[in-house]
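Residues per chain are reported as follows:
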Amino acid sequence: MRFRHPDGSTVHLAYCTNVHPAETLEGVLAQLRDHCEPVRKRLGRDRLGIGLWLARDAARALVRDPAALRGLRRELDARGLEVVTLNGFPYRGFGDSHVKYRVYRPDWTEPARLDHTADLARLLAALLPDDVTVGTVSTLPLAWRTDFDGVRDAATRRATALAALHTLAGRLDALEELTGRSLRVGLEPEPGCLVETTADAIDALGHGPGEPSGPVPPPAHRIGVCVDTCHLATSFEDPHTALEALDRARVPVVKAQLSAALHAEHPGHLDVRAALATFAEPRFLHQTRTRPPGGRLCATDDLDEALAGEAGGGLPVTAPWRAHFHVPLHAPPEPPLTSTLSVLRDTLALLVGGPVPRTHHLEVETYTWQALPPGLRPRSRSRLADGIAAELALARDLLADLGLKELP
C-alpha cells in the first residue's frame, strides 16, 4: 500500500511475511498464493506491499538461479504484490516449534550473517518495483548480549561486528553502481540484544557530537536503525526522546515496524498473573521488562521467568510490566491485560506526521498469531487473512489521520 505524504513523497506500508514462515522457494511461492493475495483482496486493493522474509535456503536458491528470481518477480506482479523491504533478522528455522535464542544466530561477528544480508540486498534490488529505487532490509542488532561476556571480549567482538557492517556498506555501494538501486540496512534494537535501546544504537552508529571513542561507525547513507514499536515500548522508551536522540546523532531510521507489546498494569494481581501465564509459550522468546518507581529497568529473558516470583528471580510487581509479545494491532487482549498500541500511535506520528517523513518504509510485523493463547489463534487461513487485513486497515486509518493520502 502506498501513501502520499504532504511533502509529496511516497510512504510504503507492508506486512511482514515471517508470519507465514517458509524455508524454501516453493514455500515462498505458496505464501504469495495462500496468504498474501487473499489479504490484498480483503483490502480491496489492486496492489499490496509485503515485507518479504527469505530464509537462508530460499535466498540461496534465488541467488544461484536468476531464472527463479525472475519467476518470483513475475509471481509478485501477477498476484498484485510488491516488495520494497525485506526482513533479514531471522536466518532460518523461524517456523520451528522452538525458536527462542536460536533466532539470534548467526550474529554480526559471523561471516554467514554478512553474506546472507548481502545476498538479500542483491535480491531486493531485482525485486523492487520499476518505479522504486530505494529498498531496505532490517537485521539483527549485532548479537544477543550474553554472546559478549567479558569487557575485552565484548569490545573485540563489537568491533568485529561493526567491521562487517562497513564491509556490507561497501558492497551496497557497489550494488548501486551496478543496478542503480540504493539499498539500506537497519539494525533492529531488541530487548536482550547488544543493541537493545536507542542509546545502544547511537553508541554503535552515532555520527553526532560527543560520540564515544571506539570503532568508526558505518556510513549513515547505508546503515541505520529499524524502529520496532513493540521493542521500543517493551524497553519503556519514550518515542519523542528516542527519535530526537537519533536525529541528533545522525542515525537514520531506515524503516519502522508497526507492532504492539503486551502490557500488564497490575502484575501483582492474581488474575493478571493468570492472564499473563497464558501468553508464556515455548516457541518464541518474550523478554519482559518493568521500571519500579525511582528505580532502574528490571528485566528477564522470558515471560515465564518474570512470573517466577521475586524470590525465584522474577520481576518485581510494583510497576507495570511489558512483554515482547507482538499482539494483533486491532485486537488487544481482553482485560486485565492490554497492548501498547498508544506507543505505536505516538511513534508513527513522530515518524511520518511531521513536515518530512523520518522514514518511508513501514511494516506491520505481528508474527505471533499462532503463538497466541489457543482461544485467540486463527483456526484457518481465512481467519488469519481476516486478522492481517484488519491490522493493515488500522494502520491505513492511522496514516490517513496524519494527513497521508492512500494511492491507488
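To be clear, the structure that these remarks concern was listed above.
Attention here is on the structure that accompanies the text. For every chain, the first residue of the written sequence is number 1, and numbering continues from 1 along that sequence. Selection of residues for local features in this predicted model requires a pLDDT of at least 70, selection of side-chain atom pairs for listing and counting requires 80 or more, and totals for whole chains, interfaces and linings are taken over all residues. Only hydrogens and water are set aside when side-chain values are computed; all heavy atoms of the structure are taken into account.

Next up on the list: the overall build of the chain. A tally of regular secondary structure across the chain gives twelve helices and 15 strands. Between the two quantities, the radius of gyration covers C-alpha atoms and the globule rule is 2.2 Å times the number of residues to the power 0.38. In terms of overall size, the chain behaves like a compact globule, its C-alpha atoms giving a radius of gyration of 20 Å where 408 residues would be expected to give roughly 22 Å. With respect to the three principal axes, the spread of C-alpha positions in the chain is 60 × 50 × 40 Å. Working rule for contacts: check all heavy atoms of both residues, and any pair within 4.5 Å makes them a contact. Residue pairs in contact within the chain that sit at least 24 positions apart in sequence constitute 79% of those at least 6 positions apart. Carbon together with sulfur atoms contributes 52% to the accessible area of the chain, which is approximately 15,900 Å² in total. For the purpose of charge, His is not counted, nor are the chain termini; Lys and Arg are scored as positive and Asp and Glu as negative. To locate a charge, take NZ of a lysine, CZ of an arginine, CG of an aspartate or CD of a glutamate. With 46 positive and 52 negative side-chain charges, the chain shows a spacing of 4 Å between the two charge centroids. Runs of H or I in DSSP of at least four residues are treated as helices and runs of E of at least two as strands, each being numbered from the N terminus. Using a 1.4 Å probe, the Shrake-Rupley method yields the accessible areas, and only the shown protein chains count as cover for residues.

A separate point is helix α9 (residues 270–277). Owing to its 3.6 residues per turn, the α-helix aligns residues three or four sequence positions apart on the same side. Think of it in three bands: with a 1.4 Å probe and only protein chains considered, a residue is buried below 20% of the maximum accessible area for its type, exposed above 50%, and partly exposed in between. Among all positions of α9, only V272, R273, A275 and L276 are buried. Projection of α9 onto a plane perpendicular to its axis shows the buried side chains occupying an angular sector of 160°, all on one side. Next to the buried residues of α9 lie β9 (260–264), α10 (303–306), β12 (321–327) and β13 (337–339). As used here, the arc belongs to the directions running from the helix axis to the C-beta atoms.

Turning next to the side chain of H324. Here H324 lies in strand β12. We call two N or O atoms a polar contact when they sit within 3.5 Å, provided that within protein one can donate a hydrogen and the other can accept it, with sequence-adjacent residues counted only if both atoms are side-chain atoms. A distance of 3.3 Å separates the side chain of H324 from the side chain of H326, its partner in a polar contact. For H324, the side chain forms a polar contact with the side chain of Y367, separated by 3.5 Å. In this structure H324 touches E190, C230, H231, T234, L285, H286, Q287 and Y367, once residues within four positions along its chain are discounted.

Working definition: a disulfide is two cysteine sulfur atoms within 2.5 Å of each other. Taken as a whole and judged by the stated rule, the model has zero disulfides. Unpaired in this structure, C16 has its nearest cysteine sulfur neighbour in C226, at a distance of 9.5 Å. Judged by its relative accessible area of 2%, C16 falls in the buried class. Between C230, a cysteine without a disulfide, and C226, which holds the nearest cysteine sulfur, the sulfur-to-sulfur distance is 12 Å. Take C230: its relative accessible area is 0%, and that puts it in the buried class.

What follows concerns the pairing of strand β8 (residues 253–258). Burial of β8 is extensive: six of the six residues sit out of reach of the surface. In the sheet, strand β7 (residues 223–228) pairs with β8 via four bridges, with the strands oriented parallel. Residue V227 lies in a different strand from β8, and its bridge partner there is A256. A pair of strands counts as paired when DSSP detects no fewer than two bridges linking them.

For any pair of aromatic rings, geometry is given as the distance between the ring centres together with the angle between the planes. We call Phe, Tyr and Trp rings a pair once their centres come within 6.5 Å, taking the six-membered ring for Trp, and we label the pair stacked below 30 degrees between planes, edge-to-face above 60, and tilted otherwise. The final tally for this structure, using the stated rule, is eight aromatic pairs. Where F94 meets F284, the ring centres are 5.1 Å apart and the plane angle is 40°; that geometry is what we call tilted. Residue F94 is found in the loop between β4 (81–87) and α4 (111–127), and its partner F284 is found in the loop between α9 and β10 (288–290); the two are separated by 190 residues along the sequence. The pair formed by F94 and F284 is uniform in burial state, with each residue classed as buried. It is R322 that lies over the ring of F236; its NZ or CZ is 4.5 Å from the centre. Only Lys NZ and Arg CZ are tested; either one counts as a charge over a ring when it is within 6 Å of the ring centre and within 35 degrees of the ring normal.

Attention now goes to the layout of surface pockets. The space that makes up the largest pocket amounts to roughly 340 Å³. As for the largest pocket, its lining consists of 18 residues, and the residues nearest its centre are P328, A331, W369, L372 and L376. Broken down by element, the residue count for the lining of the largest pocket peaks at three residues, all from helix α12 (residues 381–401). Every definition here rests on a 1 Å grid over the protein atoms only: cavities are sets of points where a 1.4 Å probe fits but cannot get out, pockets are open sets enclosed by protein on both sides within 12 Å along at least five of seven lines, and lining residues have some atom within 4 Å of a point. Grid points are joined across faces, edges and corners, and a volume is the space filled by probe spheres set on the points. Here the second largest pocket defines a volume of roughly 230 Å³. Among the secondary structure elements, those contributing two or more residues to the lining of the second largest pocket are β2 (10–16), β5 (134–139) and β8. Residue classes follow a fixed rule: Ala, Val, Leu, Ile, Met, Phe, Trp, Tyr, Cys and Pro count as nonpolar, while Asp, Glu, Lys and Arg count as charged, and any other residue, Gly among them, counts as polar. Grouping the constituent residues of the lining of the second largest pocket by class yields five nonpolar, six polar and three charged.

Right, let's talk about the nonpolar core for a bit. Nonpolar cores were defined as sets of buried Ala, Val, Leu, Ile, Met, Phe, Trp, Tyr and Cys residues, with membership established by side-chain atoms within 4.5 Å. Counting 117 residues, the largest nonpolar core has L13, Y15, W108 and L392 as its most contacted members. The element that contributes the greatest number of residues to this core is α12, accounting for ten residues. With residues near it in sequence (within four places) discarded, W108 still touches R113, L114, T117, T139, L140, L142, T160, A161, A164, L165, L168 and L187.

Turning to empty space enclosed by the protein, a few remarks are in order. Under the definition given, this model contains three cavities of 30 Å³ or more. Estimated volume of the largest cavity: approximately 160 Å³. In this structure, the largest cavity is lined by 17 residues; those nearest its centre are F94, V103, E190, H324 and Y367. Residue composition of the lining of the largest cavity, by class: nine nonpolar, four polar and four charged. Considering only enclosed or pocket space, the second largest cavity measures out at about 110 Å³ in volume. Looking at the second largest cavity, it is lined by 16 residues, and the ones nearest its centre are P189, T198, V227, L232 and E237. Broken down by secondary-structure element, the contributors of at least two residues to the lining of the second largest cavity are α6 (198–205), β7, α7 (229–234) and α8 (239–248).

Just to be clear on terms, a salt bridge is a Lys or Arg side-chain nitrogen sitting within 4 Å of an Asp or Glu carboxyl oxygen. Applying the stated criterion across every chain yields a total of 30 salt bridges. Of the charged contacts, one joins R122 and D119 as a salt bridge, the two residues approaching to 3.8 Å between their closest N and O atoms. Of this pair, R122 and D119 are both found in helix α4, three residues apart, which corresponds to roughly one turn of the helix. Under the relative-accessibility criterion, D119 is labelled buried at 12%. Members of the salt-bridge network, linked through shared partners, are E37, R40, K41, E75 and R79.

Functional significance is not addressed by these values, which are geometric in nature.
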